[in-house]
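What follows is each chain in one-letter form.
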Amino acid sequence: MAFRLEALLQKCASLFHIKQLQAHLITTGQFQFHPSRTKLLELCAVSPSGDLSFACNIFRQIGTPSTNDWNAIVRGLAHSSVPTQAIPWFRTMLRRSQRVDALTCSFVLKACARALALFEASQLHSQIVRIGVEADVLLQTTLLDVYAKSGDLDGAHKVFDEMGLRDIASWNALISGLAQGNRPNEAMALFNKMKEEGWKPNEVTVLGALSACSQLGASKQGENIHRYIVNDMLDKNVIVCNAVIDMYAKCGFVDKAYSVFNSMSCRKNIITWNTMIMALAMNGDGHKALDLLSQMDLDGVHPDAVSYLAALCACNHAGLVEEGVSLFDSMTESGVKPNVKHYGSVVDLLGRAGRLKEACDIIRSMPMFPDEVLWQTLLGASKTYGNVEMAEMASKKLVEMGSISCGDFVLLSNIYAAQKRWDDVGRVREAMKNRDVRKVPGFSYMEVEGELHKFVNGDHSHPNSREIYAKLDEIKFRIKGYGYTAETDLVLHDIGEEDKENVLNYHSEKLAVAFGLISTIDGTPIQVNKNLRICVDCHTVIKIISKIYNREIIVRDRARFHRFNQGLCSCKDYW
DNA sequence: ATAGGGTTAG
């Protein structure tokens, strides 16, 4: 009998089946003690065909639930839309002196990770130690992962360091955690250390490392990982292929990304297509991105909201205004509902084309609440086209929303300055002083012979700092001959003109380019990654540098690639 | 009284 029930449980495909089996157990008087009852409960609590609230009903009918019965519910809650509910259930277990085991803790920790509940996770950590639950590798890895996912990377590292025994998943969890927690250089360091210690990276390891390379633009290291993947046949895994494509794209090698995309031995999924469309978008390859969007449909993968966003983004970067607008209009017929980001994208598209009225109408008529990004976009476009009324309206909205930023103030004050409305300029500057307008610090990375160099604005910490600044002085001198004048109105500080020029001169991307000029062979391309968008002044200067030093310079900013060559940029000064 | 839990791309 027990065997038959087991077999039936495996075939359960609906809540109705579960109910039938439960009814069987009840009517035959076996419910309270049948060995498979817990399995039934678990099935109901966690499987997609189950129902958590019905599982709770079953649970309440159990006279003396076992730890495993409790675990089924806790696990179900951890996977549910209300993961934090797992925590009070856990507390009840402790209060009732119900034995908790490693599994209970594991499920509750998972719940904390999903809820980003760092405090609860650390409390649980103490409980695990206090109760004396045997913390095996799996549980400790879960613990490490929760710390990492809820933002305490140092805590995660500590758990890792104190683990008596580690396995590949423990390394993977920390590498991924560091990569996803914006500490890609540490992720790479750990990845290298892992190899030094003789561990063999698996598909999960390379995902974490590739993600770190993408963020850093570390193409040499990324290529090495790709070679390893091919040799070890890890490229049978779509997820791995997608990560490779993304890595090449973010390191500036769209062609390599495309060749991986084109020669995949496994089936492409929607993420593959979206990654490739986004890659083309970042390179301003608008038409190719649109081609791919229609190809994916033919391949039986239907575009989703992300596909459309990527394609719209491609239209933006390529200046394909009409194409973008009609793509946006076609979304609804294709059954994909535009979200705020899609609206943001068309507003940007129209704004750049100077169609401010239409952009504004879209914001006003959109079915959801327009976030600050939309008004900022409109404000930026108003600046470009010198439309004072529109700019005032957009900044008023931003002030009302309490989300006006430093950059917005600068834009507005520049618009007034262009109209010589000095009183208004003064008023805006005054308003700025009364607010906390802290900027995100800008920094740039550059890879030379597989080694990463990081620069922040005005940085003197680099070992070659003196040569770098000497090179910048040389650049400053040589570009004057090309009619260059600094756009100092972008600098906010109340300092003299010459100092303002210096603030611009020592932007992190300029430092990185100067370092590239002195540390790489003449004629080779220089590649830089920046965390923010490139500024107009740097853009102008780097164009000139590419001409006078005869170098291709590739700058990846927050949104796209700029390829500077012979005094021109691939973005056609439109970004 | 069985086993079950951890790391994973846009």
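Residues numbered from 1 in each chain as written. Chains lettered and ligands numbered in written order. Predicted model: local features only at pLDDT ≥ 70, side-chain atom pairs only at ≥ 80, totals over all residues.

Per an unreviewed UniProt entry, chain A is named DYW domain-containing protein, and its organism is Acacia crassicarpa.

A. Highlighting the overall build of chain A. Helix and strand counts for chain A stand at 30 helices and six strands. If one aligns the C-alpha atoms of chain A with their principal axes, the spans along those axes are about 95 × 55 × 50 Å. A burial count over chain A gives 43% of its 575 residues as buried. In chain A, the proportion of contacts linking residues at least 24 apart, taken out of those at least 6 apart, comes to 61%. (Helix = DSSP H or I, 4+ residues; strand = E, 2+ residues; numbered from the N terminus. Buried ≥ 20, exposed ≤ 12 C-beta atoms within 10 Å, placed from the backbone. Contact = placed C-beta atoms within 7 Å.)

B. Fine view of the pairing of strand β5 (residues 561-565). Judged from the four bridges that link them, strand β4 (residues 553-556) and β5 form a sheet pairing that is antiparallel. When the bridges of β5 are listed, I553 appears paired with F564. Pairing of β5 with strand β6 (residues 568-569), which is carried by two bridges, proceeds in the antiparallel orientation. Of the residues in β6, the one forming a bridge with N565 is L568. Linking two consecutive strands that pair antiparallel, namely β5 and β6, is a turn of two residues; a positive phi of about 45° is found at Q566 within it. (Pairing = 2+ DSSP bridges.)

C. Layout of the nonpolar core. Counting residues in each nonpolar core, the largest one holds 155 residues, and the members touching the most others are V108, I277, A311 and A314. With nine residues, helix α19 (residues 305-318) is the single largest residue contributor to this core. Discounting chain neighbours no more than four positions away, the residues touching V108 are V74, A78, A86, I87, F90 and L124. (Core = buried A, V, L, I, M, F, W, Y, C linked by C-beta atoms within 7 Å.)

D. Highlighting the environment of E186. Within the element layout of this structure, E186 appears in helix α12 (residues 184-196). Between the alpha carbons of E186 and A212 there is a distance of 8.8 Å; along the sequence they are 26 residues apart.

E. Spotlight on the sheet that holds strand β2 (residues 451-456). With mixed pairing, the six strands of this open sheet are ordered in space as β2-β1-β3-β4-β5-β6. Each edge of the open sheet carries a strand with a single partner, namely β2 and β6. In the sheet, strand β1 (residues 443-448) pairs with strand β3 (residues 526-530) via two bridges, with the strands oriented antiparallel. Bridging across to β3, S444 finds its partner in K530.

F. Focus on the environment of A431. Mapped onto the fold, A431 is located in helix α26 (residues 422-433). By the C-beta count within 10 Å, which is 16 here, A431 ends up partly exposed. The sequence separation of A431 and T27 amounts to 404 residues, and the corresponding C-alpha distance is 75 Å.

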